[in-house]
Number of protein chains: 2
Amino acid sequence: MSIILGIDPGSRKTGFGIVRLDGRKPVYVSSGVVKLPTDAPLAERLNILFESLVTVMSEYQPNEVAVEDIFMSKNAMSALKLGHARGAIMVAAGQQSLPVFEYEARKVKQVVAGSGNADKLSVQHMVARQLNLPGRPQEDAADALAVALCHIHFNTGVVASTGAGRFSRGRLRN
Amino acid sequence: MSIILGIDPGSRKTGFGIVRLDGRKPVYVSSGVVKLPTDAPLAERLNILFESLVTVMSEYQPNEVAVEDIFMSKNAMSALKLGHARGAIMVAAGQQSLPVFEYEARKVKQVVAGSGNADKLSVQHMVARQLNLPGRPQEDAADALAVALCHIHFNTGVVASTGAGRFSRGRLRN
C-alpha cells in the first residue's frame, strides 16, 4: 500500500482524495469533487462519474481504493440514487483492476475526527490537520480524504497514533 | 431502431433479452440471466455484471437499451443494492455508446400483459406468445424481453396492436 484513492460517493457530487504513504506518514497528493449535471439523463451522469474517476485513477495510479459506505439510509429513493453512483464507482475501480475497501461513514468519522457523530466541519478540520493542509478542503473532498486516512489507519495504524487517536484520548483525559 | 436490449436489473440476478424488429414485427433473438456470486465482494460482483453485459452488447450489437425502473421501493437497503446493479448497467451501456431508456415495471406489465399488476407467470406467458416462443422463458429473462417489447411499443406501437393490447381489449369485451 502506497497510494490510496478515497471516495465519498454522492448522486450529485462525489468527492475524491489521493493520499500517499511516505514511510508511515500520510501525505496529501490531490483531491477534488466530480459534480454531475442534474439535468442530464441518469446513464449520462453515471458515465461522466465513471470516466472522471478512471481519469483520476490513470493520473494518480493508486494501489487501493477506499469507498465510504452508508450504515443505513432512511429514504429508499435516495438509497437508490446513491447506489447508482456507488455502482459506477465500483465498476471504475474494477476496470482499473484496483481492490476496493469499504468503510462506514461512522467509522471514518470515528477514526479521523474521534467521534462517529462528528460534523462536516470537524472532519474538514481534522483532515486538514492530519495532512498539514494550508486550509480546509471542500467538504466532499475532505470526506474522501478522510476515507483514505481511515483505510490507512486500519492497515497501518498510522492515523490513530498521530491524529484523531491522540485528539480523542486527549479529550478523554480532561 | 432495429435491435433492442431489454434489461431487468437485480442485485443477484439480472435478466437480459434481445429483440429484433423485422419491419414492424418483433422477433426473438436471445435472452438469459446474469447470476452474480453472492459470496464475492460487491465491486467484484458489479464488475462481473458490467463485463457480462458488455459481452452481450458486443455479441448482439443492439442499437438501444431499455432498462426496467422501479416506481417505489419499500426498503432502503434493497434500493441501495438495486442501485448498485443499475449503476453498473448504465455504465456498461454508456461505454458502448448506447442510448438508455427507462420504463417503470408497472408500465412494462401494462403494455405486455395488459395490467400493471400482472404476475410473473402472466408476463412470461404473454412474452412467449408475442415472440412465438416454444416455451416460457425464465422469469428474469421474460421480464427483460418484456422491457424490450415495452420500448418497441412506445416507439412503434407494434406490441399493443398485436399482443397485449388485443388481449386486453378481448378481456374487456367479455
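For every chain, the first residue of the written sequence is number 1, and numbering continues from 1 along that sequence. All chains are assigned letters beginning at A, and all ligands numbers beginning at 1, according to the order in which they are written. Selection of residues for local features in this predicted model requires a pLDDT of at least 70, selection of side-chain atom pairs for listing and counting requires 80 or more, and totals for whole chains, interfaces and linings are taken over all residues. Excluded from the side-chain calculation are hydrogens and water; included are all heavy atoms of the structure.

This paragraph deals with unusual backbone geometry. For residues other than glycine, phi is negative in most cases, and the peptide bonds are mostly trans. In this structure, serine 97 of chain A takes a positive phi of about 55 degrees despite not being glycine. Looking at the secondary structure, you find serine 97 of chain A in the loop between α2 (76-95) and β5 (100-104). A positive phi is found at glutamine 61 of chain B, a non-glycine position, where the angle reads about 45 degrees. Runs of E in the DSSP output that reach at least two residues are strands. Runs of H or I that reach at least four are helices, and both are numbered from the N terminus. Its place among the elements puts glutamine 61 of chain B in the loop between α1 (42-60) and β4 (64-69).

The next subject is the relation of the copies chain A and chain B. Alignment of copies: least-squares fit on C-alpha atoms of residues with pLDDT of at least 70 in both copies. Aligned on chain B, chain A shows an RMSD of 0.0 Å; the corresponding rotation is 180 degrees and the shift along the axis is 0.0 Å. Seen this way, the second copy is the image of the first under a two-fold rotation axis. By the convention used here, residues are in contact when the closest approach between their heavy atoms is within 4.5 Å. Most of the interface of chain A is mirrored in chain B: 100% of its interface residues are interface residues there too.

Looking now at the sheet that holds strand β4 (residues 64-69) of chain A. All names here are of chain A. Between any two strands, at least two bridges found by DSSP are needed for them to pair. Read from one edge to the other, the open sheet built from 5 strands follows the order β3-β2-β1-β4-β5, with strand pairing classed as mixed. This sheet does not close on itself; its edge strands, each paired only once, are β3 (25-35) and β5. Sheet twist, expressed as the average angle between the axes of neighbouring strands with direction ignored, equals 20 degrees. Throughout, an axis means a line fitted to C-alpha atoms (over the contacting stretch in the case of helices), and angles, computed between N-to-C directions, take values from 0 to 180 degrees. Strands β4 and β5 of the sheet are contacted by helix α3 (residues 105-113), whose axis makes an angle of about 80 degrees with β5.

Attention shifts here to the environment of alanine 66 of chain B. All names here are of chain B. Here alanine 66 is to be found in strand β4. Exposure classes here rest on a 1.4 Å probe applied to the protein chains alone. A residue is buried below 20% of its type maximum, exposed above 50%, and partly exposed in between. Judged by its relative accessible area of 0%, alanine 66 falls in the buried class. Residues alanine 66 and phenylalanine 101 lie 35 residues apart in sequence; the distance between their C-alpha atoms is 4.7 Å. The residues touching alanine 66, leaving out its near neighbours within four places in the chain, are Ile4, Leu5, Gly6, Ile7, Phe101, Tyr103, Val147 and His151.

On to the UniProt feature "active site" (unreviewed entry) in chain A, then. All names here are of chain A. UniProt positions are given in the numbering used here, feature names are shortened, and annotations may be inferred rather than shown by experiment. This chain's UniProt record puts "active site" (unreviewed entry) on Asp8, Glu68 and Asp140. Judged by maximum C-alpha separation, these annotated positions cover 133 residues in sequence but sit close together in space, the widest gap being only 11.1 Å. Tracing the sequence through the fold places glutamate 68 in strand β4. The buried category is assigned to glutamate 68, whose relative accessible area is 15%. Leaving out residues up to four positions away in the same chain, glutamate 68 has contacts with Ile7, Asp8, Pro9, Arg86, Tyr103, Ala105, Val108, Asp143 and Val147. Aside from chain neighbours lying at most four places away, what touches aspartate 140 is Asp8, Lys13, Gly15 and Val33. There is a polar contact of 3.5 Å between the side chain of aspartate 140 and the side chain of lysine 13. In protein, a polar contact means a hydrogen-donor-capable atom and an acceptor-capable atom, both N or O and within 3.5 Å, with residues adjacent in sequence counting only if both atoms are side-chain atoms; elsewhere, any N or O pair within 3.5 Å suffices.

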